[in-house]
Each structure stands twice: as C-alpha cells, then as structure tokens.
Amino acid sequence: MNSVFGSLKKVMAVSALTVVSGLACAQSYPAKPVRFVVPYVPGGASDVAARLVTKDIQISAGLNAIIDNKPGAGAQIGTRFVADAAPDGYTLGFFDNSFVINPALVGDKLPYDAARDFKPVVELVKMPFILEVNKDVKADTLQEFIKLLKDNPGKFNFGSAGNGSPVHFAMEQFRHASKVDITHIPYKGGGPSLVGLIGGETQATMATVASSLQYIQNGQLKPLAVTSSKRLPELPDVPTFAELGYPQVDFSYSLGLFAPKAAPDSVVQWLSDAFNKELNREEAKTRLAKAGFLVVGGVPQDYQAFIASEIPRWKKFVEEVGVKVE
C-alpha cells in the first residue's frame, strides 16, 4: 500500500512540476528575439504576409521578431529546420498550404512528418489567387487562354513557388478543370516565379494581390480570373472562375504559424493570444487588407483540427488527378 501511495506521490509531483514549469516558461517568454522561418525567398506572398503580420508585434506583444528566409525543395528545407529546432518557442515557422500538400506529393521521402512533428498555433491570413499571363500572351480572357493552350498542347509553361507550393496546386486545379496541357516550371519562391513570368520564361502563373498587383497595374501582367467566390475589390473587372464555369478552381492561399512538436503548450497559447491580438488591431487589419490579405485568427485547437483534415484532402486530390513533381 505504501509503495502505491509512494508511486502516486511521484506522479503527482511530476505533474505539478510540469505545470509549474509551463507557467514559468509562459511568464518569462519571450526572453530573447524569436526567429520566424519563411521557407521561401523574399518577395513572395509568404514573405510579404510574414513581414506585415510581425511589423508591429514588438509594440503590441513585446515580441522581437526576426524573419529568416530558408528557401528550397518546395518549402521542405525551411520546414525541416523548424522541425529540428529546439522546442523552446524561439524558432517557429510561417508555413503556407505547402505544409499540407507536400505529404501527399512527396510521401515517405519528406524529411519530416507534417502530422506529428509540429504544433499548429494559429492560421493568420488567407488570400485568393489570380490567374495571370505575360503581357505578350495572345489571350485577354480565360476562354481565349484555354483555347490557346488546347491549340498548342505542351508548348506553354506556368511558373510556381516550387513543387507542392500553393501556386503549383492552384494551377493544378486549373489544369485539371480545363483539361489543358501546360508544363510546370518550379522556382524557389513566388518572387522568382513572377520575375520569370514577366521576363517571358513562363507564360502563366497564379499569384496573389500582394505580390502582383503592381505588375498588373503597370501592364506587365494580364489578369484573367480569380479563385475567390466574389470579385476582388482591387480588380473589379476580373471575373471569378465560378462565373466563367469553373467552380472547381477555388484554391486560396493560407499562411499559419507552427511550432516544433515539443514546444510547451503554454508558449503555444501565448503565441496564439499575441498574434490574435495583433491581427485584431485596426491598424494591422487595414495594412493587411490593403495588401489583399483576409485576417483569420482563432485558437490552436481549431487550427490543429483544420490541418489534420487538410492533409488527407490533398492526398486524395493527388491520387485522383495524378499530380507529379516536375
């Protein structure tokens, strides 16, 4: 009996110590600058959103944010860096849809386990995509572009931020829905992809308002359709895919915050509270809205459930459509 009580006391002591340690960690966090890894080169939607979201986080939450771009391998390099980091809350990741797509696209070759190696903290922003073509492409509407592709199978290219990136899969939705033959050219980020499109290396891509509006306004790119359910206020004359008969093309860019798996729950909650507070500030909302981003926010549990549902969803899509790494 004494041994039983002794064991029980040990369990209770360990549990109490864990709670106390977690509270102490939360109370002292953040005691130093926090590194936020963006797994793409500067200039793309993820980099733009990350810098906008953290612009005033020092003022609103006392968190000194450092953006660290670690591009390559379709976001796998930066994502693995976060998975392998010390789980103390001082190395975190700003990951987009590639986080839930890569497990389906890469499978067992993925250098981390998306379902088990991370703690989703909060979904930050969303944004629809715009199908854009180079100014020299002989098509001014979606219908004309589809006809051009069907008349010239395999002769046109589209660029993306890398294999498994949101742009890649938004274009895969378009390719599957319209039954066209267009070749995928992966880059190391959305910025280089847009440079390739403007320079004529590729003829089309999906891009966000934040990364491409200036090129549309100066005539370097032509917008053909948007993936949102309604037309964008920044581009009121550009129809939605649904309006044009392609409701299946509805992919939206999403950016969220992730921590390594063993990060303390108290720190994850602190981060969620801090970013929700920042996202709800009117100045932050206005800044993000001007760039075309829709604020999301929410509690860690909801985001964790969303991520858990998205991984099998995209696995099914890859199996049905036959998406390949190019």
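Residues numbered from 1 in each chain as written. Predicted model: local features only at pLDDT ≥ 70, side-chain atom pairs only at ≥ 80, totals over all residues. Heavy atoms only, no water.

Trainee: Tell me what's going on with helix H12 (residues 300-321), and back it up with residues and numbers.
Mentor: The first and last C-alpha atoms of H12 sit 32 Å apart over 22 residues, in line with the 32 Å expected at 1.5 Å per residue. Burial in H12 covers these residues: Pro300, Tyr303, Ile307, Glu310, Ile311, Trp314, Phe317 and Val318. Looking straight down H12, one finds that the buried residues subtend no more than 140° of arc, so they occupy a single side. Residues of H12 that are exposed and angled more than 90 degrees away from the buried face: Gln301, Asp302, Ala308, Lys316, Glu319 and Glu320. Elements in contact with the buried residues of H12: helix H5 (98-106), strand S4 (118-128), helix H7 (166-178), strand S10 (252-260) and helix H10 (265-279). Once H12 finishes, Gly322 follows within two positions and takes phi at roughly 80°, a positive value. (Helix = DSSP H or I, 4+ residues; strand = E, 2+ residues; numbered from the N terminus. Expected span 1.5 Å × (residues − 1). Buried < 20%, exposed > 50% of the residue type's maximum accessible area, 1.4 Å probe, protein only. Arc of directions from axis to C-beta. Contact = heavy atoms within 4.5 Å.)

Trainee: Could you give me a rundown of the packing of aromatic side chains, with the residues and numbers involved?
Mentor: Per the stated rule, a full pass over the model turns up 21 aromatic pairs. A centroid spacing of 5.8 Å and a plane angle of 80° characterise the contact between Phe36 and Phe275, whose relative ring orientation is edge-to-face. Of the two residues, Phe36 sits in strand S1 (residues 34-38) while Phe275 sits in helix H10, which places them 239 residues apart along the sequence. Phe275 shares its class with Phe36; the two are buried. Seen from their ring centres, Phe94 and Phe275 are 6.2 Å apart, and the 85° between their planes marks the pair as edge-to-face. With Phe94 in strand S3 (residues 91-95) and Phe275 in helix H10, this residue pair connects regions lying 181 residues apart in the sequence. For Phe275, a relative accessible area of 0% puts it in the buried group. Clustering of aromatic rings is evident, with ring pairs tying together Phe95, Phe99, Tyr112, Phe118, Phe258, Tyr303 and Phe306. Above the plane of the ring of Tyr90 lies Lys32, whose end atom (NZ or CZ) is 4.8 Å from the centre. A cation over an aromatic ring shows up here: Lys70 above the ring of Phe81, its NZ or CZ 4.4 Å from the ring centre. (Phe/Tyr/Trp six-rings, centres within 6.5 Å; stacked < 30°, edge-to-face > 60°. Lys NZ or Arg CZ within 6 Å of the ring centre and 35° of its normal.)

Trainee: Lay out the pattern of salt bridges in plain terms, naming residues and giving numbers.
Mentor: Taken as a whole and assessed by the stated rule, the structure comprises 20 salt bridges. Taking the shortest distance from any N to any O, the salt bridge between Glu278 and Arg281 comes out at 3.0 Å. On the basis of relative accessible area, Glu278 is assigned to the buried category, the value being 1%. The network of salt bridges with shared partners includes Lys55, Asp56, Glu278, Arg281, Glu283 and Arg287. (Salt bridge = Lys/Arg side-chain N within 4 Å of Asp/Glu carboxyl O.)

Trainee: Quick one: what's the story with the confidence of the model for the protein, residue by residue and with numbers?
Mentor: Put simply, the protein has an average pLDDT of 90, and 91% of its residues get 70 or more. Taken as a whole, residues 1-5 scores under 50 in pLDDT and shows zero contacts with residues more than four places along the chain or in a different chain. Scored below 50 in pLDDT, residues 7-24 shows one contact in the model against residues more than four places distant or in partner chains. (pLDDT = per-residue confidence, 0-100.)

Trainee: I'd like a description of the pairing of strand S7 (residues 183-186), backed by residues and values.
Mentor: The side chains of a regular strand alternate, first on one face of the sheet and then on the other. Both strand S6 (residues 157-160) and S7 contribute to a ladder of four bridges, which runs parallel. Residue pairing in the sheet places Asn157 in a bridge with Thr183 of S7. A crossover connection joins S6 to the parallel S7 through H7; in handedness this β-α-β unit is right-handed. (Pairing = 2+ DSSP bridges. Right-handed = clockwise from strand over helix to strand, strands pointing away.)

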